[in-house]
Amino acid sequence: MRRPGGWWRTKSTPEKVETYTRWSFHFFGVIEVFALGVSAYGRTGAGLATVLCLLVVAHAAVCMLVSSRALDWTRGRRPQPVRLMWTLVVVSAVVSTTAVVIAERGPAGEVETAAGSVYGGVLCFAAGVITLGVSGRRRMVAVVGGFAVGAGLLTFPLEMPVLASVVLAGLVMVTGGFLAITSIFSLWLLNAVYALDDAKETRARLAVAEERLRFGRDLHDVMGRNLAVIALKSELAVQLSRRGRPEAVEQMIEVQRIAQESQREVRDVVRGYREAALEVELAGARGVLTAAGITAQVTGETAGLPAEVQSALGWVVREATTNVLRHGDAKKVAVTVRMSGGRVVLTVENDGVAETTGDGPSAETAGTAHTGGSGGSGLAGLRERLSAVDGTLEAGPAGRGVFRLTAAVPLPDATAGAALEVAS
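Residues numbered from 1 in each chain as written. Predicted model: local features only at pLDDT ≥ 70, side-chain atom pairs only at ≥ 80, totals over all residues. Heavy atoms only, no water.

**Looking at the sheet that holds strand β3 (residues 343–350)**
Pairing is mixed in the open sheet, where 5 strands are placed in the order β1-β2-β3-β5-β4. Of all strands in the sheet, those with a lone pairing partner are β1 (295–299) and β4 (392–397), marking the two edges. Geometrically, the sheet is characterised by an average inter-axis angle of 10° between neighbouring strands, direction not taken into account. As paired strands, β4 and strand β5 (residues 403–410) are joined by 6 bridges and run antiparallel to one another. From the neighbouring strand, T392 faces β5, where its bridge partner is A408. Helix α12 (residues 379–387) contacts β4 and β5 of the sheet and is inclined by roughly 155° relative to β4. (Pairing = 2+ DSSP bridges. Helix = DSSP H or I, 4+ residues; strand = E, 2+ residues; numbered from the N terminus. Axes fitted to C-alpha atoms, helices over the stretch in contact; angles between N-to-C directions. Contact = heavy atoms within 4.5 Å.)

In structure tokens form, the structure reads like this:
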């Protein structure tokens, strides 16, 4: 069974920011209810206070719905909520007009303060919410200005002085504008977080594409010339053979030699593509993680390790680093290389994995998800590389929100002995 709060830890950073932003807008409605509706009970009788509170609750509910739909529209998931915004305008006008009527016909003194707060408050909150559903500065200013002008015009039935009406319109303008700016800034921040997340994914895809292009260029450089020579010599051998010339055999022998040489060069290219130096990969991991804003701590010595051991462990570092950037939400990554019992042990820990227990994902499942899935780039692919040097791989949660990847490769006898002597 998943622990409380697990739904939050399973979200990505943009999803967390979006959830926070959405509930912040909903919290505006809660503030409206308590600041305007519930506070009316301390200013007037229970009957009128209940009426005012119900009006405020209805208005706050519509504000919450409009803000949620406007946020979906901003993210491109829904069409612009034009009808809902006009509905909010109508509801705001009805609530404000009702508050004016209550203030005008109700008992003097005690009702006017409560009704006046509801009157101006709903217009301020509505102005701030509706700006979420429009685009462009001019339209946002027009929305806030329209509510401010409407607030001033609706005061004429109350026979308020002109100065008081202007002051009230100014308060609606300032307060509504502040709420609008706060809401728009929250949306801008949310869009910026999503854009940064997309940029991180794009960077990872570009790195893969660049590596594929490099491999393609290397393979073309190796094979292009040799294949051209093979084609020319084969054509020459055909011509010589048709003429009965013995030199055709020599040309075909040369073709055979070039073909064998090409096979060797292709193997060298593929080997260079598949092998990874551990020291180089550790330095690269530190640089990439630091550039991504992740604290990277790399400890241990790699000098003197056999090439095949460095290659296997280098791939572990490469895959773990890539998938921390692509799939995790880590703030800190620790990479440790140590000698233990004639083995080289590489440990990669990060704090960007959701904690699950019970019927949640197992350690194996969580590890596969965090290392890019199964196959060549997941746990199965890493185990295949390590099995070639009799190595082992363990992966899974290691505490609260921590994921640990441990690879162990035995050292040849000579290297192990030298390493133990250095350690002693």
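There is more to say, and it comes next.
**Points about helix α6 (residues 137–153)**
Look at α6: 24 Å from first C-alpha to last across 17 residues, which is about the 24 Å you get at 1.5 Å a residue. Along α6, the positions that sit buried rather than exposed are M140, V143, V144, G145, F147, A148, A151 and G152. (Expected span 1.5 Å × (residues − 1). Buried < 20%, exposed > 50% of the residue type's maximum accessible area, 1.4 Å probe, protein only.)

**Topic: the environment of A114**
Looking at where A114 falls in the secondary structure, it is placed in helix α5 (residues 110–130). We classify A114 as buried; its relative accessible area is 1%. Expressed as a C-alpha distance, the spacing of A114 and A99, which sit 15 residues apart in the sequence, is 8.7 Å. Ignoring sequence-local partners within four residues, the contact set of A114 consists of A40, R43, T44 and L52.

**Here we look at the nonpolar core**
Membership of the largest hydrophobic core comes to 48 residues, with the highest contact counts inside it found for V66, L88, V118, Y119, L123, F147 and V172. Contributions of two or more residues to this core are made by α2 (13–37), α3 (46–74), α4 (82–105), α5, α6 and α7 (162–242). Counting residues per element, this core draws most heavily on α5, which supplies 12 residues. The residues contacting V66, other than those within four sequence positions of it, are L84, M85, L88 and V129. In this structure, V337, V344, L386 and L405 belong to the second largest nonpolar core, which totals 32 residues. (Core = buried A, V, L, I, M, F, W, Y, C linked by side-chain atoms within 4.5 Å.)

**Some remarks on α4**
If you check α4, its first and last C-alpha atoms are 35 Å apart, about what 24 residues at 1.5 Å a residue would give, namely 34 Å. Of all the positions in α4, only L84, M85, L88, S92, V95, S96, A99, V100, I102 and A103 are classed as buried.

**Quick notes on the packing of α3 against α4**
Interhelical geometry of α3 versus α4 gives an angle of 165° and a closest axis separation of 10 Å. Here α3 is positioned roughly antiparallel relative to α4, judged by the angle of their axes. Every pair of crossing elements has a handedness; the one defined by α3 and α4 is left-handed. Counting all contacts with α3, which are made through L48, V51, L52, L55, H59, V62, C63, L65, V66 and R69, the residues of α4 involved are L84, M85, L88, V91, S92, V95, T98 and I102. Of the residues assigned to the contact of α3 with α4, the class counts are 14 nonpolar, 3 polar and 1 charged. (Parallel < 35°, antiparallel > 145°, perpendicular 65-115°, else oblique. Left-handed = near helix turned anticlockwise from the far one by under 90°. Nonpolar A, V, L, I, M, F, W, Y, C, P; charged D, E, K, R; others polar.)

**Description of the packing of α2 against α3**
Where α2 contacts α3, the two axes come as close as 9 Å, and the packing angle between them is 165°. Taken together, the axes of α2 and α3 are roughly antiparallel relative to one another. Here α2 and α3 pass one another in a crossing that is right-handed. Of α3, the residues touching α2 (which contributes E18, R22, F25, H26, G29, V30, E32, V33, L36 and G37) are C53, V56, V57, H59, A60, C63, M64, S67, S68, L71 and D72. A per-class count over the contact of α2 with α3 returns 11 nonpolar, 6 polar and 4 charged.

**Points about the pairing of β5**
Sheet faces and side chains relate simply in a regular strand, where the side chains alternate between the two faces. Of all 8 residues that make up β5, 6 are buried, and the element is covered over most of its length. Sheet topology places β3 next to β5; 8 bridges connect them, and they run antiparallel. Counterpart to V348 in the pairing with β5 is L405. Where β4 folds back onto β5 in an antiparallel hairpin, the turn is made up of 5 residues, including G399, whose phi is positive at roughly 115°.

**Thoughts on the confidence of the model for the protein**
When the pLDDT values of the protein are averaged, the result is 80; 83% of them are 70 or greater. Ignoring residues within four places in sequence, the model shows residues 356–377, a span with pLDDT below 50, making 43 contacts including any to other chains. A low-confidence stretch, residues 414–424 stays under pLDDT 50, and its non-local contacts, those more than four residues away or across chains, total 6 contacts. (pLDDT = per-residue confidence, 0-100.)

**Side note on a nonpolar patch on the surface**
Nonpolar side chains collect at one region of the surface, where F27, V30, I31, F34, V38 and Y41 lie side by side and expose about 540 Å² of accessible area between them. Tracing the backbone shows V30 in helix α2. The exposure class of V30 is partly exposed, given its relative accessible area of 32%. (Patch = residues over 30% accessible without salt bridge, like charges linked within 9 Å, V, L, I, M, F, W, Y side chains within 5 Å. Areas by Shrake-Rupley, 256 points an atom, 1.4 Å probe, with all protein chains shown as cover. Salt bridge = Lys/Arg side-chain N within 4 Å of Asp/Glu carboxyl O.)

**Some words on the packing of aromatic side chains**
In the structure shown here, the tally under the stated rule is 2 aromatic pairs. Judged by centre distance (6.3 Å) and plane angle (45°), the ring pair of F25 and F28 falls under tilted. Within this pair, F25 and its partner F28 are both found in helix α2, separated by 3 residues, close to a single helical turn. Assessed through its relative accessible area of 5%, F25 is described here as buried. (Phe/Tyr/Trp six-rings, centres within 6.5 Å; stacked < 30°, edge-to-face > 60°.)

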